[in-house]
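Listed below are the residues making up each chain.
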Amino acid sequence: MELHKLTIHESHELLKKKEISSEELTKALFERIKNVDDKIKAYITLDEERALLKSREVDKKGDFSNPLTGIPAAIKDNICTKDLKTTCSSKILANFIPPYDATVSARLKTGDVVFLGKTNMDEFAMGSSTENSAFFATRNPWDTSRVPGGSSGGSAAAVAADECIFAIGSDTGGSIRQPAGYCGVVGMKPTYGRVSRFGLVAYASSLDQIGPITKDVTDCALVLNAIAGHDKLDSTSADIPVPDYTESLKPDVTGMKIGIPKEYMGEGIDAEIREAVLEAAKIFEKMGASFEEISLPHTEYALWAYYIIAPAEASSNLARYDGIRYGVRAKDYDDLIDLYKKTRSEGFGAEVKRRIMLGTYALSSGYYDAYYLKAQKVRTLVKRDFDEAFKKYDFILVPIAPTIAFKIGENTDDPLKMYMNDVCTIPVNMAGLPGISLPCGFSQGMPIGLQIIGKPFDEPTILRAAYAFEQATDFHKNKPGI
């Protein structure tokens, strides 16, 4: 049996029956990482010694009633893990070791999850390809000449290449869903406020959200069960009861109404991707749902408003990296101002500097009303579009991205072209909605991602729809030949 290929629920059954141990499973994952990660580059930091120690502790306890107990997982490198480096793939935090756990990390540890290590990402989550990491680019397991998506590209690639059983990512404009789509796995951005952001290194605080990246929909529900819920340490965390998401795993969408917005299916979307989404809609129709074309008229403005709001929040959030309190400090400087300048010049990469400058400009005196305030008004209009649609439809189907995963280096000289990759995912963050990505086809041998968008805090409906689609198709059973 190739243990690294197991899902959470398959591993859990074997652990519960004592047919395998957590130590055997953890060792199998590290063996897999040693065999393939030179080609994929999913991990920045591995924590083998502590992971094996943890797995032995779990085996000794022998209580596998929790479905995540003893399961090896990977964590995106912008989520704090006590005593384990959290770099955000940035030189400025290259040696930062958090003295505390993010709430999500703490909840997983409470469930006796085994942490394998930290995964690569675009620096401070700013990017769509994981090429903006200060350390190295991660590669797509389906074709190592292509990107895995971003910014959670390391987490998605690690799941697709069977280098972990599941991974945790973060999503500010599509950073879980887009790489999950590019790598042919399942990724969910929960509703804003559903999962605590405490200990997530902030990029754009009104948009950031933590979520699972898994091998199938069942695993997604299991991880969401573990990390969702109110947290008094996060003032934006919603104090709303958390259902058991596994109860949504029913292959039944009878009577459900699906909206397919024409703005997501027109110019700029590859024909094969458009066709795959329409075929997915027909599969839902065969299962008893109905679909029709709808309009979300302010969609075309969402991308541009996002690239005002997110950089503005980033310029404020990243002001704390000054060489005094965190990470790297410039060595040669004349005075305090020179220290700030040199530390930030040496510590931040080009894309982070670009977004800080964009955001600082948008917030500057005389331009605030013209840019930031106007972008916030657009955000309200985008949300109203969704609110109106959800009065009539149970969920919305759209592509994850306009294209399949592109070649490494193909878009690095054209930031606007790179930003366009987020056009199908950003509106969900702007409106604070839940969205899930799962495979729905292939083009040129690469996975195509389907996105299911739901009402606020209605993760059960999109999990149910995703599970029904997964049970009716075989796309998730295909694996990269690495």
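Just so it is clear, the model here is predicted, and its values are computed rather than measured.

What counts as what
- Residues numbered from 1 in each chain as written.
- Predicted model: local features only at pLDDT ≥ 70, side-chain atom pairs only at ≥ 80, totals over all residues.
- Heavy atoms only, no water.
- Helix = DSSP H or I, 4+ residues; strand = E, 2+ residues; numbered from the N terminus.
- Buried < 20%, exposed > 50% of the residue type's maximum accessible area, 1.4 Å probe, protein only.
- Contact = heavy atoms within 4.5 Å.
- Phe/Tyr/Trp six-rings, centres within 6.5 Å; stacked < 30°, edge-to-face > 60°.
- Lys NZ or Arg CZ within 6 Å of the ring centre and 35° of its normal.
- Pairing = 2+ DSSP bridges.
- UniProt positions renumbered as here; feature names shortened; annotations may be inferred.
- Polar contact = N/O pair within 3.5 Å; in protein donor to acceptor, adjacent residues only side chain to side chain.
- Arc of directions from axis to C-beta.
- Axes fitted to C-alpha atoms, helices over the stretch in contact; angles between N-to-C directions.
- Parallel < 35°, antiparallel > 145°, perpendicular 65-115°, else oblique.
- Nonpolar A, V, L, I, M, F, W, Y, C, P; charged D, E, K, R; others polar.
- Right-handed = clockwise from strand over helix to strand, strands pointing away.
- Core = buried A, V, L, I, M, F, W, Y, C linked by side-chain atoms within 4.5 Å.

**Student:** Quick rundown of the overall build of the chain? Include the residues and the values.
**Tutor:** If you tally the helices and strands in the chain, you get 15 helices and 11 strands. Along the first, second and third principal axes, the C-alpha set of the chain runs to 65 × 55 × 45 Å. Here the chain holds 482 residues, and the buried ones make up 60% of them. In the chain, 76% of the contacts between residues at least 6 apart in sequence involve partners at least 24 apart.

**Student:** Report on the packing of aromatic side chains, specifying residues and quantitative values.
**Tutor:** Applying the stated criterion to the full structure yields 16 aromatic pairs. Seen from their ring centres, Phe386 and Phe390 are 6.3 Å apart, and the 20 degrees between their planes marks the pair as stacked. Taken individually, Phe386 and Phe390 each receive the classification buried, so the pair is uniform in this respect. The ring of Phe136 carries Lys41 above its face, with NZ or CZ at 5.5 Å from the centroid.

**Student:** Can you break down the pairing of strand E2 (residues 72-76) residue by residue, with the values?
**Tutor:** The buried count for E2 comes to 5 of 5 residues, which makes it a mostly enclosed element. Covered by surrounding structure in E2 are Pro72, Ala74 and Lys76 together with Ala73 and Ile75, the residues of both alternating faces. The sheet contact formed by E2 and strand E3 (residues 114-119) spans 5 bridges and is parallel. Pairing of Ile75 across the sheet is with Lys118, part of E3.

**Student:** Give a description of unusual backbone geometry that names residues and reports values.
**Tutor:** With omega at 10 degrees, the peptide bond leading from Gly150 into Ser151 counts as cis. Mapped onto the fold, Ser151 is located in the loop between E3 and helix H5 (153-160). Within the chain, Thr130 stands out as a residue other than glycine whose phi angle is a positive 65 degrees. Residue position: Thr130 is located in the loop between E3 and H5.

**Student:** Lay out the UniProt feature "domain: Amidase" (unreviewed entry) in the chain in plain terms, naming residues and giving numbers.
**Tutor:** In the numbering adopted here, UniProt assigns the feature "domain: Amidase" (unreviewed entry) to residues 24-463. With 38% helix and 14% strand, the stretch residues 24-463 has end C-alpha atoms that lie 31 Å from each other.

**Student:** For helix H4 (residues 103-110), give the residues involved together with the corresponding values.
**Tutor:** Buried within H4 are the following residues: Thr103, Val104, Ser105 and Leu108. The inward-facing, buried residues of H4 contact E2, E3, strand E4 (166-170), strand E6 (210-214) and helix H7 (217-227). A positive backbone phi angle near 60 degrees is found at Asp112, which sits one or two residues after H4.

**Student:** So, the side chain of Asp162: which residues are in play, and what are the values?
**Tutor:** Among the structural elements, Asp162 can be located in the loop between H5 and E4. Looking at Asp162, the relative accessible area reads 4%, which means it is buried. A polar contact is formed between the side chain of Asp162 and the side chain of Lys215, at a distance of 2.8 Å. Those residues in contact with Asp162, other than ones at most four positions away along the chain, are His4, Lys5, Leu29, Arg32 and Lys215.

**Student:** Before we move on, could you go through helix H1 (residues 8-16) and cite the residues and values that matter?
**Tutor:** Of the residues making up H1, those classed as buried are Ile8, Ser11, His12, Leu14 and Leu15. Down the axis of H1, the smallest arc covering the buried residues is 165 degrees, so these residues share one side. Check the buried side of H1 and you find it contacts helix H2 (22-40), E4 and H7. Residue Lys18 follows H1 closely and has a positive phi angle near 60 degrees.

**Student:** Break down the packing of helix H8 (residues 271-286) against helix H15 (residues 459-472) for me, with residues and values.
**Tutor:** Helix-helix packing is characterised by the crossing angle of the two axes and by the distance between the axes. The geometry of H8 relative to H15 is characterised by a closest axis approach of 10 Å and an angle of 95 degrees between their N-to-C directions. In terms of axis orientation, H8 runs roughly perpendicular to H15. Within the contact between the two elements, H8 uses Ala280, Ile283 and Phe284 and H15 uses Ala465, Phe469 and Ala472. Within the contact of H8 with H15, the residues separate by chemical class into 6 nonpolar, no polar and no charged.

**Student:** Break down the sheet that holds E6 for me, citing the residues and quoting the values.
**Tutor:** Sheet strands line up and pair through hydrogen bonds in the backbone, either parallel or antiparallel. Read across the open sheet, the 11 strands follow the order E1-E3-E2-E4-E6-E5-E10-E11-E9-E7-E8; overall the sheet is mixed. The two strands at the open ends of the sheet, each matched to only one other strand, are strand E1 (43-46) and strand E8 (290-294). Across this sheet, the average inter-strand angle for adjacent strands is 30 degrees, counted without regard to direction.

**Student:** Help me get a handle on the UniProt feature "active site" (unreviewed entry) in the chain, residues and values and all.
**Tutor:** Taking the numbering used here, the UniProt-annotated feature "active site" (unreviewed entry) corresponds to Lys76, Ser151 and Ser175. In terms of the greatest pairwise C-alpha distance, the residues named above, spread along 100 residues, form a tight cluster of at most 10.9 Å across. By secondary structure assignment, the location of Lys76 is in strand E2. Lys76 gets classed as buried once you look at its relative accessible area, which sits at 0%. Excluding residues that lie within four positions of it along the chain, Lys76 makes contacts with Lys118, Thr119, Met121, Ala125, Ser151, Ser152, Ser155, Ile168, Gly169, Ser170 and Ser175. Among the polar contacts listed, one links the side chain of Ser151 to the side chain of Lys76, at a separation of 2.7 Å.

**Student:** Hey, could you go over the pairing of E3 for me, with residue numbers and the actual values?
**Tutor:** Taking burial as the measure, the 6 residues of E3 include 6 buried ones, the bulk of the element. Bridge count between E1 and E3: 3 bridges; the pairing is antiparallel. Residue pairing for E3: Thr45 is matched across the bridge by Lys118. Each parallel crossover has a hand, and for E2 linked through H4 to E3 it is right-handed.

**Student:** Which residues make up the nonpolar core, and what values do they have?
**Tutor:** The biggest cluster of nonpolar side chains holds 147 residues, and the ones touching the most others in it are Phe124, Phe284 and Ile452. Ranked by residues supplied to this core, first place goes to helix H9 (residues 299-317) with 9 residues. Those residues in contact with Phe284 that sit more than four places away from it in its chain are Val253, Ile258, Ala289, Phe395, Leu397, Leu450, Ile452, Ala465 and Phe469.

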